[in-house]
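Each chain is listed here by its residues.
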Amino acid sequence: MRKLNISGNWKLNKTLAETKALLAVLKSELAGVKKTEIVVCPTYVSLATSAEMLIDSNIKLGAQNLFWEESGAFTGEVSGLQLKAIGCNYVIIGHSERRQYFGETDETVNKRLKSALQNELLPIVCVGETLEEREIGKTFDIISEQVQGALSGISKDEMQKITLAYEPVWAIGTGKTATPEQAQEVHAFIREKLTKLFGNSVAENVTIQYGGSVKPSNAYELLSQNDIDGALVGGASLDVESFAAIVQAAENIEG
Ligand code: PGA
C-alpha cells in the first residue's frame, strides 16, 4: 500500500511570527501520527526558521516553488540548492496559481522538476483542468498533456521520488470539491498514463494526492478511493484543528 501524504500548502499566508506559532501547535497536535507522511509548505521567508523548528519532528518541510538555475543573475528567485541547504525536504511545482498568475508552463514545470531532483528535493507536481476545460470535455486531454509535459525526460528511478497532485482548478479555494468518484476517475487515468510511460511497478508506487477544497468533512471519503493517496490542502491547512482532522482521516484509512 502506498504511504498517504497530507501536505499543507500555506500559499501567501502567515508572517514569520504567525508561522512559528502555527508550527508549534501543529507539532504537538500531530506528534502521535505514525503512518501518514505530513508536509507543511510555508512561504520562502519562513522556511529556514521552520526547518529548525521541525528538526526531530514527524512533519516534513516543503517550499511552494523553486527556480531551475542554482545561482546567478536571477533577481528575486530562489533555487533548489538553497532550499536543500536550509533543510527543505519537498517542493511544490506547477501549482495552478503559478500557471495562472506567473506564466508557468509544462516546459518550465519540467525544468523546475529536474532541478528539484538534482538537488534531492522531493517534488510534488500539480496538474489540473479548469472549469471550462472540464465543461467542454477536455479534462483527460489536458491532464494527459500536463503529465507528459511535466515528466518529459524523467527516468523510472526519478519517477519513484515524485509525488503528483491532481487539483481541478475549479475546486481550488472555491469550496467546490470534486466528488470522490470524479477525483478517482482522474487519478486512475493518471496512474494509467504513468503505467504507459514508466511501467506498472513504478506507476503502482507513485503517490497521487488530490487537492481542491479538501476539509475534514470530505477527507476520509476522498482518501478511501483506490488511487487517491493523500491530499494537498490549502485553506484548511492554516487551521490546526482542520489540518489535524484531515491527517487523522488519513491515519484512519485501513492498510
Ligand atoms: P484549497 O487549495 O484547499 O484552499 O482549495 C488547495 C491548493 O491550492 O493546493
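Reference entry: report on the structure contained in this document. Just so it is clear, the structure is predicted and the values come from calculations on it, not from any experiment.

## Some remarks on the site of the ligand
Here is step 1 of the chain: Around the ligand sit 13 residues in total, of which K11, H95, E167, G173 and S213 are the nearest.
Here is step 2 of the chain: Note that an oxygen atom of the ligand is positioned 2.7 Å from one of the side-chain N or O atoms of K11.
Here is step 3 of the chain: Within the backbone of G173, a nitrogen or oxygen atom sits 2.6 Å from an oxygen atom of the ligand.
Here is step 4 of the chain: Relative to its unbound accessible area of 280 Å², the ligand is 95% covered by the protein chains.
Here is step 5 of the chain: When grouped by side-chain class, the residues that make up the shell around the ligand number four nonpolar, seven polar and two charged.

## Side note on helix α5 (residues 106-118)
Here is step 1 of the chain: Over its 13 residues, α5 runs 18 Å from end to end, which matches the ideal 18 Å to within 8%, given 1.5 Å per residue.
Here is step 2 of the chain: Every buried residue of α5 is listed here: D106, T108, V109, N110, R112, L113, S115, A116 and L117.
Here is step 3 of the chain: Packing partners of the buried residues in α5 comprise β4 (90-93), α4 (96-101), β5 (122-127), α7 (139-150) and α8 (156-159).
Here is step 4 of the chain: Looking one or two residues beyond α5, the residue adopting positive phi is E120, at roughly 55°.

## Examining the packing of helix α1 (residues 16-29) against helix α12 (residues 240-251)
When two helices pack together, you describe them by how their axes are tilted relative to each other and by the distance separating the axes.
Here is step 1 of the chain: Two elements in contact, α1 and α12, have axes separated by 10 Å at closest approach and are oriented at 35°. You can see that α1 and α12 cross each other, and the crossing is right-handed. Where α1 approaches α12, its residues L22, V25, L26 and E29 are matched on the opposing element by V240, F243 and A244.
Here is step 2 of the chain: Considered class by class, the residues forming the contact of α1 with α12 number six nonpolar, no polar and one charged.

## With respect to the nonpolar core
Here is step 1 of the chain: One finds L151, M159, I190 and L194 to be the most contacted residues of the largest nonpolar core, which totals 68 residues.
Here is step 2 of the chain: Top element by residues in this core is α12. It accounts for seven residues.
Here is step 3 of the chain: Leaving out residues up to four positions away in the same chain, I190 has contacts with V127, I143, V147, L164, Y166 and I208.
Here is step 4 of the chain: Membership of the second largest hydrophobic core comes to eight residues, among which are V39, Y90, A165 and L232.

## Let's talk about the pattern of salt bridges
Any two side chains of opposite charge can pair, so long as their charged atoms come close to each other.
Here is step 1 of the chain: In total, this model carries eleven salt bridges according to the counting rule given.
Here is step 2 of the chain: Ionic pairing is found between R2 and D227, a salt bridge with its closest N-O pair at 3.9 Å. Here R2 is found in the segment before β1 (5-9), whereas its partner D227 is found in the loop between α11 (216-223) and β8 (230-233), with 225 residues between them in sequence.
Here is step 3 of the chain: Look at D227 and you get buried, because its relative accessible area is 12%.
Here is step 4 of the chain: Taking the shortest distance from any N to any O, the salt bridge between R191 and D227 comes out at 2.6 Å. In this pair, R191 sits in helix α9 (residues 180-198) while D227 sits in the loop between α11 and β8, placing the two residues 36 residues apart along the sequence. Each member of the pair, R191 as well as D227, carries the same accessibility label: buried.
Here is step 5 of the chain: Because the salt bridges share partners, they merge into one network encompassing R2, R191, E204, D227 and D229.

Reading guide: rules and limits
- Residues numbered from 1 in each chain as written.
- Predicted model: local features only at pLDDT ≥ 70, side-chain atom pairs only at ≥ 80, totals over all residues.
- Heavy atoms only, no water.
- Near = heavy atom within 4 Å.
- Polar contact = N/O pair within 3.5 Å; in protein donor to acceptor, adjacent residues only side chain to side chain.
- Areas by Shrake-Rupley, 256 points an atom, 1.4 Å probe, with all protein chains shown as cover.
- Nonpolar A, V, L, I, M, F, W, Y, C, P; charged D, E, K, R; others polar.
- Helix = DSSP H or I, 4+ residues; strand = E, 2+ residues; numbered from the N terminus.
- Expected span 1.5 Å × (residues − 1).
- Buried < 20%, exposed > 50% of the residue type's maximum accessible area, 1.4 Å probe, protein only.
- Contact = heavy atoms within 4.5 Å.
- Axes fitted to C-alpha atoms, helices over the stretch in contact; angles between N-to-C directions.
- Left-handed = near helix turned anticlockwise from the far one by under 90°.
- Core = buried A, V, L, I, M, F, W, Y, C linked by side-chain atoms within 4.5 Å.
- Salt bridge = Lys/Arg side-chain N within 4 Å of Asp/Glu carboxyl O.

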